[in-house]
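# Topology and contacts: notes
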Amino acid sequence: MGSHGTEKTVTGWAARDPSGILSPYSYTLRKTGPEDVVIKVLFCGICHTDLHQTKNDLGMSKYPMVPGHEVVGEVVEVGAEVSKFEVADTVGAGVIIGCCRECAPCKADTEQYCNRKIWTYNDVYTDGKPTQGGFASAMVVDQKFLVKIPPGLAPEKAAPLLCAGLTAYSPMKHFGLMDAGLRAGVLGLGGVGHVGVKLAKAMGHHVTVISSSDKKRAEAVDHLGADAYLVSSDEPGMAAAADTLDYIIDTVPVSHPLEPYLSLLKLNGKLILLGVINQPLQFLTPMVMLGNLHTATS
Ligand SMILES: [Zn+2]
Ligand SMILES: [Zn+2]
């Protein structure tokens, strides 16, 4: 990499078409601005959204595209006005690397809701160049969009927390689902579901993993410590579990019926939709109204 203030050439793994195949790709990072931090990428998680984007499942992919938005890196250079980070710090970057800084969500430190936010990759930065993600040797990130990784946390374990972890944790906090003793359902045991089970267990919840087959039972119960495992096609099992859950983290990233899962919720239960689904979802409103249920995304 070059010296401070020059454009740096880096190598990433880029998708060049919707085949799902990545190949080496060289490009330049922007010059280090006053609030910019240059990081050497140490680890980067793979999120299902990376798969969606590389394969153009959402219909908005621009190639070449370097995916990766669960990035842990080491600070190697800081801009003149960077106050939060120093060279050699271990830091994390997630799915957003820019915002307008002027709208109400930005001023309230909730820039994830900014209508002009800039995604970590497959977007255009303020300099007009495409943004590229963490499947690369280095990135430049504004200090506002970096977090410090605490010393006791292994960087490879921190990486998945920067999207999957936040995706599961944020609604739990937002909807007041932090008290011990709650009964949780986790629908789908991919990346977000995996972290969802761990977080819910850490909060002292009774966790039921719900899946379409029996394949992940051992992983859920023996490896992750789930308390129960329910196969969604097991009608007697689903009937027996009706009205038992305080909330469900629904991580399924494809269109699926919601009624079977709504029926598992107690009065005032919450169905939290976290899968990125590019088709409309349907459900019958009386089920939600009569149980005073809540469906929400996060
Ligand atoms: Zn993600
Ligand atoms: Zn904004």
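Rules used throughout
Residues numbered from 1 in each chain as written. Chains lettered and ligands numbered in written order. Predicted model: local features only at pLDDT ≥ 70, side-chain atom pairs only at ≥ 80, totals over all residues. Heavy atoms only, no water. Buried < 20%, exposed > 50% of the residue type's maximum accessible area, 1.4 Å probe, protein only. Helix = DSSP H or I, 4+ residues; strand = E, 2+ residues; numbered from the N terminus. Pairing = 2+ DSSP bridges. UniProt positions renumbered as here; feature names shortened; annotations may be inferred. Domains from an automatic or database assignment. 1 Å grid on protein atoms, 1.4 Å probe; cavity = no way out; pocket = protein on both sides within 12 Å on 5 of 7 lines; lining within 4 Å. Points joined across faces, edges and corners; volume = space filled by probe spheres on them. Nonpolar A, V, L, I, M, F, W, Y, C, P; charged D, E, K, R; others polar. Donors = N, O, S within 2.8 Å, 3.2 Å for Na, K, Ca; no water. Axes fitted to C-alpha atoms, helices over the stretch in contact; angles between N-to-C directions. Core = buried A, V, L, I, M, F, W, Y, C linked by side-chain atoms within 4.5 Å. Contact = heavy atoms within 4.5 Å. Parallel < 35°, antiparallel > 145°, perpendicular 65-115°, else oblique. Left-handed = near helix turned anticlockwise from the far one by under 90°.

### Looking at the pairing of strand β8 (residues 138-142)
Here is the key point about a regular strand: its side chains alternate between the two faces of the sheet. Burial runs high along β8: five of the five residues are buried. Burial of β8 is two-sided: the residues Ala 138, Val 140 and Asp 142 facing one way and the residues Met 139 and Val 141 facing the other way are all buried. Bridge analysis of strand β3 (residues 36-44) against β8 gives five bridges, and the strand direction is antiparallel. In the strand pairing of β8, Val 38 is matched with Val 140.

### Some words on the UniProt feature "domain: Enoyl reductase (ER)" (unreviewed entry) in the chain
This chain's UniProt record puts "domain: Enoyl reductase (ER)" (unreviewed entry) on residues 20-295. Overall, residues 20-295 shows 22% helix and 27% strand. The separation of its end C-alpha atoms is 32 Å.

### Digging into the domain arrangement of the chain
Along its sequence, the chain is organised into domain 1 (8-159) and domain 2 (165-297). Summarising the inter-unit geometry, the C-alpha centres of domain 1 and domain 2 are found 30 Å apart.

### Some thoughts on the layout of surface pockets
Computed from the structure, the second largest pocket encloses a volume of approximately 260 Å³. Contributing elements (two or more residues each) for the lining of the second largest pocket: β2 (22-29) and β8. Looking at which element gives the most residues to the lining of the second largest pocket, the answer is β2, with four residues. Residues that form the lining of the second largest pocket fall into these classes: eight nonpolar, four polar and three charged.

### Overview of the coordination of the zinc ion (ligand 1)
Distances from the zinc ion (ligand 1) to its protein donors, Cys 47 (SG), His 69 (NE2) and Cys 163 (SG), fall at 2.0 to 2.2 Å. Written as a sequence motif, the donor residues of the zinc ion (ligand 1) are C-x21-H-x93-C. Of this pair, Cys 47 sits in the loop between β3 and α1 (48-54) while Cys 163 sits in the loop between α3 (155-158) and α4 (164-174), and the two are 116 residues apart along the sequence. Each member of the pair Cys 47 and Cys 163 is classed as buried.

### Observations concerning the sheet that holds strand β10 (residues 183-187)
Spatially, the six strands line up as an open sheet ordered β12-β11-β10-β13-β14-β15, and their pairing is parallel. Each end of this open sheet is capped by a strand with a single partner; those strands are β12 (228-231) and β15 (294-297). On average, each strand axis in the sheet is tilted by 20° relative to the strand beside it, whichever way the strands run. When strand β11 (residues 206-211) meets β12, the two strands line up parallel, connected through four bridges. Residue pairing in the sheet places Thr 208 in a bridge with Ala 228 of β12.

### Describing the nonpolar core
Within soluble globular proteins, side chains that are nonpolar tend to cluster in buried spots. Met 172, Val 197, Val 209 and Tyr 247 are the most contacted members of the largest nonpolar core, which has 25 residues in total. At the level of secondary structure, the elements contributing two or more residues to this core comprise α4, β10, α5 (191-202), β11, β12 and β13 (245-250). At five residues, α5 tops the list of elements feeding residues into this core. Setting aside chain neighbours within four positions, we find Met 172 in contact with Leu 177, Met 178, Leu 199, Ala 200, Met 203, His 205, Tyr 247 and Ile 249. With 21 residues, the next largest nonpolar core counts Ile 39, Val 75, Phe 85 and Phe 145 among its residues.

### So, the packing of α4 against α5
Packing of α4 against α5 brings their axes to within 8 Å, and their N-to-C directions diverge by 50°. The orientation of α4 with respect to α5, classified from their angle, is oblique. Of the two possible hands of crossing, α4 and α5 adopt the one that is right-handed. Seen from α4, the contacting residues are Ala 164, Gly 165, Thr 167, Ala 168, Tyr 169 and Met 172; seen from α5, they are Gly 191, Val 192, Val 195, Gly 196, Leu 199 and Ala 200. Class assignment of the residues belonging to the contact of α4 with α5 gives a composition of eight nonpolar, four polar and no charged.

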